[in-house]
Amino acid sequence: MTNSTEIVEVYIVGGGISSVKSKNIVGFCHCSLHCGYMTANTIDGHACLEKECRYFEKYDSSEYWEKLQNKEKIQKRENEKREMQKLANKKHMERLENRLDSIKTFAERLVGYTGHHEVHIAKIEQLAKNNYKIFYVTDDREYCRDDFTKYVSKSLKKSFAAGNFEFQRMKNAYGEYATWDEWLHRRKWK
(Lines give C-alpha, C1' and ligand atoms only; values in the text may rest on other atoms or scores of the structure.)
Protein backbone atom coordinates (compact mmCIF):
# COMPACT_ATOMS: atom_id res chain seq x y z
CA MET A 1 0.00 0.00 0.00
CA THR A 2 0.96 3.61 -0.37
CA ASN A 3 0.78 6.55 2.02
CA SER A 4 -2.44 6.31 4.08
CA THR A 5 -3.69 9.78 3.14
CA GLU A 6 -2.99 9.36 -0.56
CA ILE A 7 -6.04 9.16 -2.83
CA VAL A 8 -5.95 6.20 -5.20
CA GLU A 9 -8.23 5.01 -7.97
CA VAL A 10 -9.25 1.40 -7.42
CA TYR A 11 -11.98 -0.98 -8.49
CA ILE A 12 -14.40 -1.11 -5.54
CA VAL A 13 -16.66 -4.11 -5.13
CA GLY A 14 -20.09 -3.32 -6.58
CA GLY A 15 -19.21 0.26 -7.51
CA GLY A 16 -16.73 0.26 -10.35
CA ILE A 17 -13.60 2.43 -10.30
CA SER A 18 -13.59 4.93 -7.48
CA SER A 19 -11.21 7.44 -5.88
CA VAL A 20 -10.67 6.69 -2.20
CA LYS A 21 -8.07 7.39 0.43
CA SER A 22 -5.75 4.44 0.69
CA LYS A 23 -6.36 4.29 4.48
CA ASN A 24 -10.04 3.51 3.77
CA ILE A 25 -9.19 0.34 1.85
CA VAL A 26 -9.50 -2.46 4.41
CA GLY A 27 -9.45 -5.58 2.26
CA PHE A 28 -9.98 -7.29 -1.05
CA CYS A 29 -12.68 -9.65 -2.31
CA HIS A 30 -11.44 -12.46 -4.57
CA CYS A 31 -14.92 -13.67 -5.54
CA SER A 32 -15.16 -13.91 -9.34
CA LEU A 33 -18.67 -12.43 -9.30
CA HIS A 34 -17.65 -9.11 -7.73
CA CYS A 35 -13.88 -8.98 -7.41
CA GLY A 36 -12.39 -5.75 -6.04
CA TYR A 37 -11.09 -3.67 -3.15
CA MET A 38 -13.27 -3.14 -0.13
CA THR A 39 -13.85 -0.22 2.22
CA ALA A 40 -15.57 -0.36 5.61
CA ASN A 41 -18.85 0.61 3.95
CA THR A 42 -18.68 -2.14 1.34
CA ILE A 43 -17.81 -4.73 4.02
CA ASP A 44 -20.88 -3.70 5.99
CA GLY A 45 -23.05 -3.70 2.85
CA HIS A 46 -21.94 -7.18 1.81
CA ALA A 47 -21.86 -8.51 5.40
CA CYS A 48 -18.51 -10.19 4.67
CA LEU A 49 -17.56 -10.48 8.34
CA GLU A 50 -20.94 -11.84 9.46
CA LYS A 51 -20.89 -14.44 6.66
CA GLU A 52 -17.20 -15.19 7.29
CA CYS A 53 -16.69 -15.01 3.53
CA ARG A 54 -13.81 -17.18 2.36
CA TYR A 55 -13.08 -14.88 -0.58
CA PHE A 56 -12.42 -11.88 1.63
CA GLU A 57 -8.78 -10.95 2.27
CA LYS A 58 -8.28 -8.66 5.23
CA TYR A 59 -5.51 -6.01 5.13
CA ASP A 60 -4.15 -6.13 8.67
CA SER A 61 -2.28 -2.86 8.19
CA SER A 62 -5.56 -0.91 8.05
CA GLU A 63 -6.53 1.14 11.12
CA TYR A 64 -10.12 -0.08 10.66
CA TRP A 65 -9.41 -3.49 12.19
CA GLU A 66 -7.87 -2.04 15.32
CA LYS A 67 -10.83 0.32 15.74
CA LEU A 68 -13.25 -2.56 15.18
CA GLN A 69 -11.45 -4.70 17.75
CA ASN A 70 -11.47 -1.86 20.31
CA LYS A 71 -15.16 -1.28 19.64
CA GLU A 72 -15.88 -4.98 20.24
CA LYS A 73 -13.86 -4.93 23.49
CA ILE A 74 -15.76 -1.88 24.73
CA GLN A 75 -19.08 -3.48 23.79
CA LYS A 76 -18.10 -6.68 25.62
CA ARG A 77 -17.11 -4.70 28.74
CA GLU A 78 -20.37 -2.75 28.64
CA ASN A 79 -22.37 -5.98 28.31
CA GLU A 80 -20.49 -7.52 31.24
CA LYS A 81 -21.08 -4.38 33.29
CA ARG A 82 -24.80 -4.46 32.45
CA GLU A 83 -25.02 -8.13 33.46
CA MET A 84 -23.23 -7.41 36.76
CA GLN A 85 -25.64 -4.53 37.43
CA LYS A 86 -28.64 -6.79 36.69
CA LEU A 87 -27.30 -9.40 39.07
CA ALA A 88 -26.65 -6.80 41.78
CA ASN A 89 -30.18 -5.39 41.34
CA LYS A 90 -31.67 -8.88 41.52
CA LYS A 91 -29.78 -9.65 44.75
CA HIS A 92 -30.81 -6.29 46.21
CA MET A 93 -34.48 -6.93 45.38
CA GLU A 94 -34.29 -10.42 46.93
CA ARG A 95 -32.79 -8.96 50.13
CA LEU A 96 -35.45 -6.24 50.19
CA GLU A 97 -38.27 -8.76 49.69
CA ASN A 98 -36.86 -10.95 52.49
CA ARG A 99 -36.65 -7.93 54.79
CA LEU A 100 -40.20 -6.85 53.94
CA ASP A 101 -41.47 -10.40 54.55
CA SER A 102 -39.71 -10.47 57.94
CA ILE A 103 -41.18 -7.09 58.90
CA LYS A 104 -44.66 -8.20 57.77
CA THR A 105 -44.51 -11.44 59.76
CA PHE A 106 -43.29 -9.64 62.87
CA ALA A 107 -45.88 -6.86 62.49
CA GLU A 108 -48.68 -9.44 62.20
CA ARG A 109 -47.48 -11.10 65.40
CA LEU A 110 -47.31 -7.74 67.20
CA VAL A 111 -50.83 -6.82 66.10
CA GLY A 112 -51.99 -10.15 67.54
CA TYR A 113 -50.25 -9.36 70.86
CA THR A 114 -52.22 -6.11 71.10
CA GLY A 115 -55.51 -8.01 70.91
CA HIS A 116 -56.56 -6.53 67.57
CA HIS A 117 -57.27 -9.87 65.90
CA GLU A 118 -59.54 -8.26 63.32
CA VAL A 119 -56.58 -6.28 61.86
CA HIS A 120 -54.54 -7.89 59.05
CA ILE A 121 -51.32 -6.61 57.49
CA ALA A 122 -51.92 -6.60 53.72
CA LYS A 123 -48.54 -5.47 52.44
CA ILE A 124 -45.47 -3.39 53.23
CA GLU A 125 -43.63 -1.01 50.92
CA GLN A 126 -40.29 0.68 51.37
CA LEU A 127 -40.67 4.43 50.86
CA ALA A 128 -37.03 5.35 51.31
CA LYS A 129 -34.06 3.84 53.10
CA ASN A 130 -35.32 2.67 56.51
CA ASN A 131 -38.77 4.18 55.96
CA TYR A 132 -41.70 1.83 55.42
CA LYS A 133 -45.42 2.07 54.88
CA ILE A 134 -47.55 -0.72 56.34
CA PHE A 135 -50.93 -1.22 54.67
CA TYR A 136 -53.58 -2.94 56.72
CA VAL A 137 -57.19 -4.05 56.40
CA THR A 138 -59.78 -5.18 58.94
CA ASP A 139 -62.53 -7.76 59.13
CA ASP A 140 -65.12 -5.02 59.58
CA ARG A 141 -65.42 -1.91 57.40
CA GLU A 142 -66.68 0.10 60.41
CA TYR A 143 -63.65 -0.75 62.57
CA CYS A 144 -62.11 2.54 63.69
CA ARG A 145 -59.49 1.78 66.36
CA ASP A 146 -55.89 2.42 65.43
CA ASP A 147 -54.23 2.54 68.86
CA PHE A 148 -52.16 -0.55 67.97
CA THR A 149 -50.08 1.40 65.42
CA LYS A 150 -47.93 3.20 68.02
CA TYR A 151 -47.03 -0.02 69.82
CA VAL A 152 -46.30 -1.93 66.62
CA SER A 153 -44.28 0.95 65.15
CA LYS A 154 -42.20 1.33 68.31
CA SER A 155 -41.52 -2.43 68.51
CA LEU A 156 -40.58 -2.62 64.82
CA LYS A 157 -38.14 0.29 65.20
CA LYS A 158 -36.39 -1.55 68.03
CA SER A 159 -36.31 -4.90 66.23
CA PHE A 160 -35.33 -3.76 62.74
CA ALA A 161 -33.36 -0.58 63.52
CA ALA A 162 -35.49 1.25 60.98
CA GLY A 163 -36.22 4.94 60.90
CA ASN A 164 -39.97 5.15 60.48
CA PHE A 165 -43.05 2.98 60.03
CA GLU A 166 -46.23 4.61 58.71
CA PHE A 167 -49.58 2.85 58.81
CA GLN A 168 -52.26 3.27 56.19
CA ARG A 169 -55.61 1.57 56.08
CA MET A 170 -56.35 0.30 52.59
CA LYS A 171 -59.35 1.33 50.57
CA ASN A 172 -61.08 -0.59 47.84
CA ALA A 173 -61.81 0.65 44.33
CA TYR A 174 -64.95 2.44 45.58
CA GLY A 175 -63.05 4.51 48.14
CA GLU A 176 -64.39 2.58 51.15
CA TYR A 177 -62.20 0.94 53.73
CA ALA A 178 -61.38 -2.55 52.49
CA THR A 179 -62.19 -5.69 54.42
CA TRP A 180 -59.93 -8.71 54.70
CA ASP A 181 -62.19 -10.72 52.38
CA GLU A 182 -62.03 -7.98 49.76
CA TRP A 183 -58.24 -7.93 50.00
CA LEU A 184 -58.03 -11.68 49.55
CA HIS A 185 -60.38 -11.63 46.54
CA ARG A 186 -59.26 -8.34 45.02
CA ARG A 187 -59.14 -7.67 41.35
CA LYS A 188 -57.66 -4.40 40.12
CA TRP A 189 -57.57 -1.73 42.79
CA LYS A 190 -56.45 1.86 42.40
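Right above here is the structure, for reference.
Residues numbered from 1 in each chain as written. Predicted model: local features only at pLDDT ≥ 70, side-chain atom pairs only at ≥ 80, totals over all residues. Heavy atoms only, no water.

(A) Up close: the packing of aromatic side chains. Across all of its chains, the model carries nine aromatic pairs by this definition. Relative to Tyr37, the ring of Phe28 has its centre 4.9 Å away and its plane inclined at 85°; by these criteria the two rings are edge-to-face. According to the relative accessible area criterion, Phe28 is buried, its value standing at 14%. Tyr37 sits in the partly exposed class, given a relative accessible area of 26%. Against the face of Phe135 rests Lys123, its NZ or CZ located 5.1 Å from the ring centre. The ring of Tyr177 is capped by Lys171, whose NZ or CZ atom sits 5.4 Å from the centre of that ring. (Phe/Tyr/Trp six-rings, centres within 6.5 Å; stacked < 30°, edge-to-face > 60°. Buried < 20%, exposed > 50% of the residue type's maximum accessible area, 1.4 Å probe, protein only. Lys NZ or Arg CZ within 6 Å of the ring centre and 35° of its normal.)

(B) Broad picture of the pattern of salt bridges. The tally for this structure, following the rule as stated, stands at four salt bridges. In this structure, Glu83 and Lys86 form a salt bridge, with 3.8 Å as the shortest nitrogen-oxygen distance. Pair noted here: Glu83 and Lys86 are both in helix H3 (residues 63–113), with a separation of three residues, about one helical turn. Judged by relative accessible area, which is 54%, Lys86 ranks as exposed. (Salt bridge = Lys/Arg side-chain N within 4 Å of Asp/Glu carboxyl O. Helix = DSSP H or I, 4+ residues; strand = E, 2+ residues; numbered from the N terminus.)

(C) Main features of unusual backbone geometry. One non-glycine residue, Glu52, lies in the positive phi region at around 50°. When you line up the elements, Glu52 lands in the loop between helix H2 (48–51) and strand S5 (56–58). For Asn130, which is not a glycine, the phi torsion comes out positive at approximately 60°. Mapped onto the fold, Asn130 is located in the loop between strand S6 (119–128) and strand S7 (131–138).

(D) Region of the structure containing the packing of H3 against helix H4 (residues 148–160). Across the interface, H3 lies against H4 with an axial gap of 10 Å and an inter-helix angle of 135°. Here H3 is positioned oblique relative to H4, judged by the angle of their axes. Once H3 is placed against H4, the crossing between them reads as right-handed. Two secondary-structure elements touch here, H3 through Arg99, Ser102, Ile103, Phe106, Ala107, Leu110, Val111 and Tyr113 and H4 through Phe148, Tyr151, Val152, Ser155, Leu156, Ser159 and Phe160. Grouping the amino acids of the contact of H3 with H4 by side-chain chemistry returns eleven nonpolar, three polar and one charged. (Axes fitted to C-alpha atoms, helices over the stretch in contact; angles between N-to-C directions. Parallel < 35°, antiparallel > 145°, perpendicular 65-115°, else oblique. Left-handed = near helix turned anticlockwise from the far one by under 90°. Contact = heavy atoms within 4.5 Å. Nonpolar A, V, L, I, M, F, W, Y, C, P; charged D, E, K, R; others polar.)

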